[in-house]
Amino acid sequence: MKKTAFALLLTLALAPGAAAQTRLSLASAVSQALQNGPDVASARANLQKAQANLRAVRADPTSIITTLTQAEQDAAAQLAALQGGKLTAAQTVISQYVAAYEAQGRVDLNRAQVALNERNVQIARARLEARVATQLDVNRAQTSLSSNRQELADAQAQLPVLEAQLARTLGLPAGTNLVLAAPPTPPKLSVSLATLQSGLDKRLPKLVQAANGAALAQLQVKLSNNDYTPARTLQDAQLALANAQRTLNDATRASSTGVSDAYRAVQNAQQQVNIARQQATNAQTALTQAQARLKAGTAAAVEVQQAQVQAQQAQLGVQQAQDGLWQALAALGAASGTDVTGLVK
């Protein structure tokens with residue numbers, strides 16, 4: 001249903017005489033990537049192939065135990081690869097989406113800052129004419145204005161680049177005009193670190209491969225441990241098992257550490273959101289006070305304008321902190337093989 005609605009919207013956007021325009025939310029962008037992303041599609045095809053082979057092997061009465069085991073392991077590995085591919089695709093889309101949306105916020109902020117600096121230049125020149133300021137004051141105001149104009153130009157140039165990256169990831173036509181909705185408030189992390197670290201060898205593709213190797217090596221030892229197989233064959237199988245188990249243990253420890261690091265990054269990002277929200281509240285309070293002073297005749301209009309810019313900057317800080325939390329959650333999902341964003345269906 002979501003895919004059909006997305007296609008209909010895209011068709012209308014591409015109608016003759018209309019600019020190519022696509023409205024997206026963060027959830028719909030992730031959904032589109034999971035449906036049509038090339039890496040996910042390839043992983044899905046590999047899983048179907050592995051499952052078909054497993055059915056054939058099971059149906060073949062002449063299949064030996066090693067052939068059946070390998071077919072079962074391949075199907076499990078491809079399933080893990082598909083799930084991992086979905087989480088990686090979601091991580092990419094989330095990162096690109098919030099970067100593009102945040103870029104628009106920077107453009108808006110830079111425009112407000114330029115307007116404020118233009119007013120400051122006017123004030124500096126007026127003060128110079130009144131002989132209560134120097135040419136240096138004017139020069140400094142003009143330098144700040146030039147710097148902010150350059151920042152605005154850079155932000156405006158970066159925005160279409162970021163939108164084009166997202167459009168390519170989603171398989172949209174070149175030149176599509178993206179209209180991005182504000183990312184929702186990130187979900188709270190409700191799962192424990194221990195839970196995320198448990199069962200990694202069943203979820204992470206690399207660990208599934210390593211676990212499969214250890215299990216197959218264990219089977220080879222079992223099949224070689226008899227009185228009709230050369231002792232050297234058993235010794236080689238035992239050595240291979242020890243190596244496979246060592247590889248699995250090393251990979252498990254590394255992955256567990258990666259999950260722990262990603263978990264701490266999410267906790268830190270959550271704290272950054274709280275700090276940014278408090279700063280935004282303080283900035284809004286300062287704006288309200290400036291407006292009250294202006295009304296009372298104890299503040300100039302430029303002071304209110306400056307407080308407005310500061311409040312806008314603080315609000316962008318909240319957006320940036322929330323975007324950082326979205327990215328941290330996506331990274332934790334990819335590291336643990338478990339979606340914690342609520343966007344991967």
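Residues numbered from 1 in each chain as written. Predicted model: local features only at pLDDT ≥ 70, side-chain atom pairs only at ≥ 80, totals over all residues. Heavy atoms only, no water.

## Topic: the overall build of the protein chain
Short version of the rule: Numbered from the N terminus, helices here are DSSP runs of H or I no shorter than four residues, and strands are runs of E no shorter than two. Only protein chains enter the accessibility calculation, which uses a 1.4 Å probe; a residue is then buried when its area is under 20% of its type maximum, exposed when over 50%, and partly exposed in between. Throughout, a residue-residue contact means that at least one pair of heavy atoms, one from each residue, lies within 4.5 Å. The Shrake-Rupley method, run with a 1.4 Å probe, gives the accessible areas here. Residue values count only the displayed protein chains as cover. Positive charges are assigned to Lys and Arg, negative charges to Asp and Glu, while His and the chain termini are left out of the count. Working definition for charges: the position is that of NZ of Lys, CZ of Arg, CG of Asp or CD of Glu.
If you tally the helices and strands in the protein chain, you get ten helices and two strands. The linear arrangement of helices and strands in the protein chain, starting from the amino end, is α-β-α-α-α-α-β-α-α-α-α-α. Each of the three principal axes of the protein chain carries a C-alpha extent, and together these read 110 × 50 × 35 Å. Looking at the 345 residues of the protein chain, the share that counts as buried comes to 38%. Considering only residue pairs separated by 6 or more positions, the protein chain has 76% of its internal contacts joining residues 24 or more positions apart. Carbon and sulfur atoms make up 53% of the accessible area of the protein chain, which amounts to about 19,000 Å² in all. If the 30 positive side-chain charges of the protein chain are averaged to one point and the 20 negative ones to another, these points end up 5 Å apart.

## So, the pattern of salt bridges
How we decide: Here, a salt bridge means any Lys or Arg side-chain nitrogen found within 4 Å of an Asp or Glu carboxyl oxygen.
Evaluated as defined, the whole model comprises eight salt bridges. Two residues, aspartate 201 and lysine 202, come together in a salt bridge whose shortest N-O distance is 3.5 Å. A relative accessible area of 27% means that aspartate 201 is categorised as partly exposed. Overall, the relative accessible area of 63% leaves lysine 202 in the exposed class.

## Topic: helix α3 (residues 38-59)
The cut-off we apply is this: One less than the number of residues in a helix, times 1.5 Å, gives the span that helix is expected to have.
Along its 22 residues, α3 runs 32 Å from first to last C-alpha, staying within 8% of the 32 Å computed at 1.5 Å per residue. Those residues of α3 that are buried lie in contact with α2 (26-36) and α4 (65-129).

## Let's talk about the confidence of the model for the protein chain
To be explicit about the condition: pLDDT is a residue-level measure of predictor confidence that goes from 0 to 100.
Residue-level pLDDT values for the protein chain average 93, and 94% of them are 70 or greater. Taken together, the stretch residues 1-18 has pLDDT below 50 and engages in 18 contacts with residues farther than four places along the chain or on a different chain.

## What to know about helix α5 (residues 135-169)
Between the first and last C-alpha of α5 there are 51 Å, a value that for 35 residues agrees with the 51 Å anticipated at 1.5 Å per step. Every buried residue of α5 is accounted for by Val138, Ala141, Leu145, Asn148, Leu152, Ala155, Leu159, Leu162, Glu163, Leu166 and Ala167. Against α4 and β2 (177-180) lie the buried residues of α5. Count one or two residues on from α5 and you reach glycine 171, which has phi positive near 75 degrees.

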